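Structural description and commentary
Listed here are the chains, written in short residue letters.
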Amino acid sequence: MHDIAYLLQVLTPFILGLLTWRLNSRNSDHDYIKEENDRLNAECKRLQDENGKLRKELENERNY
């Protein structure tokens with residue numbers, strides 16, 4: 001009986017450490033939100049550049 005108690009005392013911190021390490025290695029919601037925000041900012045910049053080009057083309061067509 002005492003052997004089982006000693007074994008559990010040794011294995012419990014080890015198992016908890018593995019579980020903690022596994023949970024911490026996953027992408028958190030914060031990481032996901034940051035990646036999504038970066039992607040959206042890049043897309044916004046691309047669309048702004050494209051919008052600027054189209055405005056210049058439209059302005060050139062009006063001048064003719």
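Provided above is the structure to which this section pertains.
Residues numbered from 1 in each chain as written. Predicted model: local features only at pLDDT ≥ 70, side-chain atom pairs only at ≥ 80, totals over all residues. Heavy atoms only, no water.

Observations regarding the overall build of the chain
Across its full length, the chain carries two helices and zero strands. Expressed as lengths along the three principal axes of its C-alpha atoms, the size of the chain is roughly 95 × 10 × 10 Å. Here the chain holds 64 residues, and 0% of them are scored as buried. When the accessible surface of the chain is summed, it comes to about 6,600 Å², and 58% of that surface belongs to carbon and sulfur atoms. Where the 10 positive side-chain charges of the chain centre and where its 12 negative ones centre are 4 Å apart. (Helix = DSSP H or I, 4+ residues; strand = E, 2+ residues; numbered from the N terminus. Buried < 20%, exposed > 50% of the residue type's maximum accessible area, 1.4 Å probe, protein only. Areas by Shrake-Rupley, 256 points an atom, 1.4 Å probe, with all protein chains shown as cover. Lys, Arg positive; Asp, Glu negative; His and termini not counted. Charge placed at Lys NZ, Arg CZ, Asp CG, Glu CD.)

Concerning a nonpolar patch on the surface
A cluster of nonpolar side chains, contributed by Leu7, Val10, Leu11, Phe14, Ile15, Leu16, Leu18, Leu19 and Trp21, occupies part of the molecular surface with about 940 Å² of accessible area. Structurally, Leu16 can be placed in helix H1 (residues 2-25). (Patch = residues over 30% accessible without salt bridge, like charges linked within 9 Å, V, L, I, M, F, W, Y side chains within 5 Å. Salt bridge = Lys/Arg side-chain N within 4 Å of Asp/Glu carboxyl O.)

Points about the pattern of salt bridges
Overall, the coordinates contain five salt bridges when judged by the stated rule. Arg39 is paired through a salt bridge with Glu36; the nearest N and O atoms lie 2.7 Å apart. One end of the pair, Arg39, and the other, Glu36, are both in helix H2 (residues 29-63), three residues apart, so they sit about a helical turn from each other. For Arg39, a relative accessible area of 45% gives the class partly exposed.

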